[in-house]
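Listed below are the residues making up each chain.
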Amino acid sequence: MADSERNRKILLGLVKQPGNDRCADCGAPGPDWASCKLGVFVCLQCSGTHRSLSTRVKSLLLDFFEDDSMKSKGNAKAKAVYEKAVPPFYYRPQENDNKVLKEQWIRAKYERQEFTGERKYPPPGYTTGMLWKKGKEKTLFLQRKFVLSEREFNLMYYNKEDSKGPKAVISIKNLNATFQPEKIGHPHGLQITYHDDDHTRNLYVYHESAEEIVTWYNAIRAVRFAYLKTAFQLEKIKTNYLKEGYMEKTGPLQKEMFKKRWFILDSQSRALLYFKGPLDAEELGVVFIGTESIGYSVKEYVPKTARGNKWKCGVMVQTPGRQFIFMCEQESEQKEWLEALREVLSRPMAPQDYIGNLQKMLKYIHSVSMWATVFIKVHSCGKH
C-alpha cells in the first residue's frame, strides 16, 4: 500500500511536467488517466478508446500503481515513436473534435502504427472507392463511386460504378471537407464543399467504416496540400467552419419578409454563406467579410420592422455596398455570431482576399449595369 501511494505521488508529479500536462492524443489540459503499457497520460474521453485497444488504463486519482515504470516513459517519448512520421497534411484532432476523428487518430497511432515511418500515408488504393452520397433533392443516400486524383488535382464521382464518364469533376483548388455527423445523421458523415460557376456547392457522404471515412478525409487533405505546394500558395488546408447555424434574414430594403436560413461562416475565405436548409447542395447567397479599414463592420441590431420576424436578437453586418440584417433566436447565439464575425473582421486580408472580393464586385457592377440597360430600353420603348 505504501509503495502504491509513493508511486501515485510520483505520477501526480510527472503529469504536471511540460508535455505530460496535456492529453497525449487530443491535447486536453489536465489529463488524469494513464496508459501503463504505452506510457502516456490521457484525458477521460481518450482513455475510453485506449481501453478498446485492450490497453490497461488507470485513473491517477483512484487506482493503485504497483510499480513506477511510468517514471521512465511519458508523452514526449511516446510521440517520438508513434508520431515520428505524421504527414504535414494529416489532421491531428483537438479536444473539441468529433469522436470518430479522435478514435481513428488513436487507432492509427498505437494499433495500426501508421506514423512510425515504416509505411506511406495515405495507403495506396484510397484514391478510388464507394461512398454513400445524398441525392440533390431527396434525403435518400445512394452508393456512388468516387475517384481522387493527385495528378489531375480533382475529385470525381459517378452515378453508377460502370459509368463511362463522371457525373461531376470537382477541382481540388477550393475544396474543403468537414465532419458533420449531426447534420448528416450518421456518425461518419462528411460534408464536401467546393466552388463551381460562382456558386458554393455541397456534397454529403458517409462510409460505414470509421477507418475508411477518416482515410478519405485525410486523402483529400493530402491532394489539396500537394496542390497548394504546386500552386505556391501559402494558405492553410481548411478544417472546420468557424460557425454554423440558423438565423433569420431580410432583404436589402429591410422591409421584406424575414426568412429562416442556414448560415455557414468560412473564416479562411472570409465568406458568410446562407442556404435554405443545412443539407442544401447549393448556397442562396454569400456575404464577403472584409476589414474595418475598407468599410466593413459588425454590431448588435434592433430591427425596425417585425414583418415575419419571430426572433429578436439582431446582428448587423455593414459592407461598402449594403447593410445586412440577421436575427438570432437566443442571445447566446447572437453573442457567438458576433464573436465569430468579429474574429474574421479583425484578421488582416491576404492578397487573394482582395483579388477575390474585387472579382465579385466587378460581377455585381456588371449585373447592375445590365439591368440598368434593360430598364432604359424598356423605358424608352414606353415613350414611343
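Cut-offs applied
- Residues numbered from 1 in each chain as written.
- Predicted model: local features only at pLDDT ≥ 70, side-chain atom pairs only at ≥ 80, totals over all residues.
- Heavy atoms only, no water.
- Helix = DSSP H or I, 4+ residues; strand = E, 2+ residues; numbered from the N terminus.
- Buried < 20%, exposed > 50% of the residue type's maximum accessible area, 1.4 Å probe, protein only.
- Contact = heavy atoms within 4.5 Å.
- Areas by Shrake-Rupley, 256 points an atom, 1.4 Å probe, with all protein chains shown as cover.
- Pairing = 2+ DSSP bridges.
- Axes fitted to C-alpha atoms, helices over the stretch in contact; angles between N-to-C directions.
- Parallel < 35°, antiparallel > 145°, perpendicular 65-115°, else oblique.
- Left-handed = near helix turned anticlockwise from the far one by under 90°.
- Phe/Tyr/Trp six-rings, centres within 6.5 Å; stacked < 30°, edge-to-face > 60°.
- Expected span 1.5 Å × (residues − 1).
- Polar contact = N/O pair within 3.5 Å; in protein donor to acceptor, adjacent residues only side chain to side chain.

K.L.:
Quick question: what am I supposed to make of the overall build of the protein here?
P.N.:
Scanning the protein from terminus to terminus reveals eight helices and 17 strands. Counting every position in the protein, which comprises 384 residues, the buried fraction comes to 47%. Excluding contacts between residues fewer than 6 apart, the proportion of contacts in the protein whose partners are at least 24 apart in sequence is 52%. Carbon and sulfur atoms provide 54% of the accessible area of the protein, an area that totals close to 21,100 Å².

K.L.:
I keep staring at the sheet that holds strand S15 (residues 297–301) and nothing clicks. Help me out?
P.N.:
Each strand in a sheet pairs with its neighbour through backbone hydrogen bonds, running either in the same direction (parallel) or in the opposite one (antiparallel). Overall, antiparallel pairing links the seven strands, which are arranged S14-S13-S12-S11-S17-S16-S15 in an open sheet. This sheet does not close on itself; its edge strands, each paired only once, are strand S14 (285–288) and S15. In this sheet, adjacent strand axes meet at a mean angle of 35 degrees when their direction is disregarded. Inspection of the sheet shows strand S16 (residues 313–318) paired to strand S17 (residues 323–328) by six bridges, in the antiparallel sense. Paired with Val317 across the bridge in S17 is Phe324. Its contacts with the sheet place helix H7 (residues 331–346) against strand S11 (243–249), strand S12 (259–266), strand S13 (271–275), S15, S16 and S17, and it is angled at close to 165 degrees to S15.

K.L.:
Explanation requested: the packing of helix H2 (residues 44–52) against helix H4 (residues 99–111) in the structure shown.
P.N.:
The geometry of H2 relative to H4 is characterised by a closest axis approach of 10 Å and an angle of 45 degrees between their N-to-C directions. Considering their axes alone, H2 and H4 lie oblique with respect to each other. The interaxial crossing formed by H2 with H4 has right-handed handedness. Residues Gln45, Cys46, Thr49, His50 and Ser52 of H2 touch H4, and the partners they reach there are Lys102, Glu103, Ile106, Arg107 and Tyr110.

K.L.:
What's the story with the packing of aromatic side chains in this structure? I'm lost.
P.N.:
How two aromatic rings sit relative to each other is given by the distance of their centres and the angle of their planes. Applying the stated criterion to the full structure yields 17 aromatic pairs. On the basis of an interplanar angle of 10 degrees and a centroid distance of 6.2 Å, the ring pair of Trp132 and Tyr206 is categorised as stacked. Placement of the pair is Trp132 in strand S4 (residues 128–134) and Tyr206 in strand S10 (residues 199–206), with a sequence separation of 74 residues. Judged by relative accessible area, which is 27%, Trp132 ranks as partly exposed.

K.L.:
Sorry if this is basic, but what is going on with the packing of H4 against helix H6 (residues 210–230) here?
P.N.:
Helix-helix packing is characterised by the crossing angle of the two axes and by the distance between the axes. Direction vectors running N to C along H4 and H6 enclose 95 degrees, while the axes themselves pass 10 Å from each other. Taken together, the axes of H4 and H6 are roughly perpendicular relative to one another. Note on element contacts: H6 touches H4 through Ala210, Glu211, Val214 and Tyr217, opposite Val100, Leu101 and Gln104.

K.L.:
I'm lost on H6 in this one. Help?
P.N.:
It helps to recall that an α-helix has 3.6 residues per turn; residues three or four apart then point in one direction. The terminal C-alpha atoms of H6, which comprises 21 residues, lie 31 Å apart, in line with the 30 Å expected from a rise of 1.5 Å per residue. With 16 of its 21 residues buried, H6 lies for the most part within the structure. Between the side-chain oxygen of the N-cap and the backbone nitrogen of Glu211 there are 3.4 Å, and the N-cap of H6 in question is Ser209.

K.L.:
Could you clarify how one ought to interpret the sheet that holds strand S3 (residues 57–59) in this entry?
P.N.:
Taking strand neighbours across the sheet as the criterion, the three strands line up as S2-S1-S3 in an open arrangement whose pairing is antiparallel. In this open sheet, the two strands that pair with only one neighbour each are strand S2 (40–42) and S3. If you compare each strand with its neighbour and ignore which way they point, the axes differ by 30 degrees on average. Inspection of the sheet shows strand S1 (residues 33–35) paired to S2 by three bridges, in the antiparallel sense.

K.L.:
Please explain the environment of Glu336 as it appears in this structure.
P.N.:
By the secondary structure assignment, Glu336 is in helix H7. A distance of 2.6 Å separates polar atoms of two side chains, one belonging to Glu336 and the other to Lys243.

K.L.:
Would you explain the pairing of S13 in this entry?
P.N.:
Walk down a regular strand and you will see the side chains alternate between the two sheet faces. The element S13 is extensively covered by neighbouring structure, given that five of its five residues are classed as buried. Covered by surrounding structure in S13 are Ala271, Leu273 and Phe275 together with Leu272 and Tyr274, the residues of both alternating faces. Relative to S13, S12 runs antiparallel, the two sharing five bridges. Across the sheet, the residue bridging to Ile264 is Leu273, located in S13. Linking S12 back to S13 in an antiparallel pair, the connection comprises four residues, with Arg270 at a positive phi of about 55 degrees. Where S13 lies against S14, four bridges are found, and the strand directions are antiparallel. The residue of S14 that forms the bridge with Leu272 is Val287.

These figures come from the coordinates and say nothing about function on their own.
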